[in-house]
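Summary of structural features
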Amino acid sequence: MSAQFAAKRLGKELQKIHNSLPPGIELVSAENFEEWQLDIRVLDNNPLYMNQTYRLKFKFGSSYPIEPPEVVFVKLPDRAIPMHPHIYSNGIICLDLLGAQGWSPVQNVESVCMSLQSMLTGNTKNERPPGDEEFVRANRLRPRDIDFYYHDNSV
């Protein structure tokens, strides 16, 4: 797939996003077809995430949507990284949907945001993944290059 195909697809997604987004999802920036930022909020009364807004950064490769975007949470002065057993303190997300095996070209920016909202909504554990500190200190790979082992679907 060419970068031209990725740009065409992202142009269609951006047009749809500008027209309407589900509640709790807001486009912050999309100046090009390489990187977008969106804010998400959990809409239920989950006490872990109540009244919190989180920033997501999407990076798109030239093979999007055949390959998934790289998606991470971004820490800002007014945006924390959410506490979750599948979210590392550096913002890297362990979610099969964002990996080559779990990704499908029918997915899009909106569906990824909704999946992350759902992942947060269902969480009851105020903790990081096992080995978070070691992973954050030692990892030098981009999120898309990390070979996560998905073994806990209960979170």
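Residues numbered from 1 in each chain as written. Predicted model: local features only at pLDDT ≥ 70, side-chain atom pairs only at ≥ 80, totals over all residues. Heavy atoms only, no water.

What the protein contains, in helices and strands, is three helices and four strands. Counted from the first residue to the last, the protein has its helices and strands arranged as α-β-β-β-β-α-α. Taken across its 155 residues, the protein has 45% of its residues classed as buried. Within the protein, contacts between residues at least 6 apart in sequence are counted, and of these 62% link residues at least 24 apart. (Helix = DSSP H or I, 4+ residues; strand = E, 2+ residues; numbered from the N terminus. Buried < 20%, exposed > 50% of the residue type's maximum accessible area, 1.4 Å probe, protein only. Contact = heavy atoms within 4.5 Å.)

All right, on to helix α2 (residues 109–121) then. The terminal C-alpha atoms of α2, which comprises 13 residues, lie 18 Å apart, in line with the 18 Å expected from a rise of 1.5 Å per residue. Considering only its buried residues, α2 is in contact with α1 (3–19), β1 (25–29), β2 (35–41), β3 (53–59) and β4 (70–74). A distance of 3.0 Å separates the backbone nitrogen of glutamate 110 from a side-chain oxygen at the start of α2, and that oxygen is part of asparagine 108. (Expected span 1.5 Å × (residues − 1). Polar contact = N/O pair within 3.5 Å; in protein donor to acceptor, adjacent residues only side chain to side chain.)

By the secondary structure assignment, proline 47 is in the loop between β2 and β3. Separated by 74 residues in sequence, proline 47 and threonine 121 have C-alpha atoms that sit 9.7 Å apart.

Further remarks concern the packing of aromatic side chains. A full pass over the atoms with the stated rule returns seven aromatic pairs. Aromatic pair phenylalanine 58 and phenylalanine 60: ring centres 6.1 Å apart, planes at 20°, arrangement stacked. The exposure class of phenylalanine 58 is buried, given its relative accessible area of 0%. Measuring from ring centre to ring centre gives 5.0 Å for phenylalanine 60 and tyrosine 64, while their planes differ by 65°; the resulting arrangement is edge-to-face. Each member of the pair, phenylalanine 60 as well as tyrosine 64, is classed as buried. An aromatic cluster is defined as three or more aromatic residues linked by ring pairs; in this entry it consists of Trp36, Phe58, Phe60, Tyr64 and Trp103. (Phe/Tyr/Trp six-rings, centres within 6.5 Å; stacked < 30°, edge-to-face > 60°.)

To continue, consider the sheet that holds β2. Across the sheet, which stays open at both edges, the four strands sit in the order β1-β2-β3-β4 with antiparallel pairing between neighbours. Edge positions in the sheet fall to β1 and β4, since each of these pairs with one other strand and no more. The mean inter-strand angle of the sheet, taken between neighbouring strand axes irrespective of direction, is 30°. Where β3 and β4 come together, five bridges link them in antiparallel fashion. Bridging across to β4, leucine 56 finds its partner in phenylalanine 73. Its contacts with the sheet put α1 on β1 and β2, and the angle it makes with β2 is roughly 35°. The sheet contacts of α2 involve β1, β2, β3 and β4, and relative to β2 the element is tilted by about 35°. (Pairing = 2+ DSSP bridges. Axes fitted to C-alpha atoms, helices over the stretch in contact; angles between N-to-C directions.)

Here we take up the environment of leucine 97. Relative to the assigned elements, leucine 97 resides in the loop between β4 and α2. For leucine 97 and valine 112, which are 15 residues apart along the polypeptide, the C-alpha to C-alpha distance reads 7.8 Å. In this structure leucine 97 touches Pro68, Gly102, Trp103, Gln107, Val112 and Ser115, once residues within four positions along its chain are discounted.

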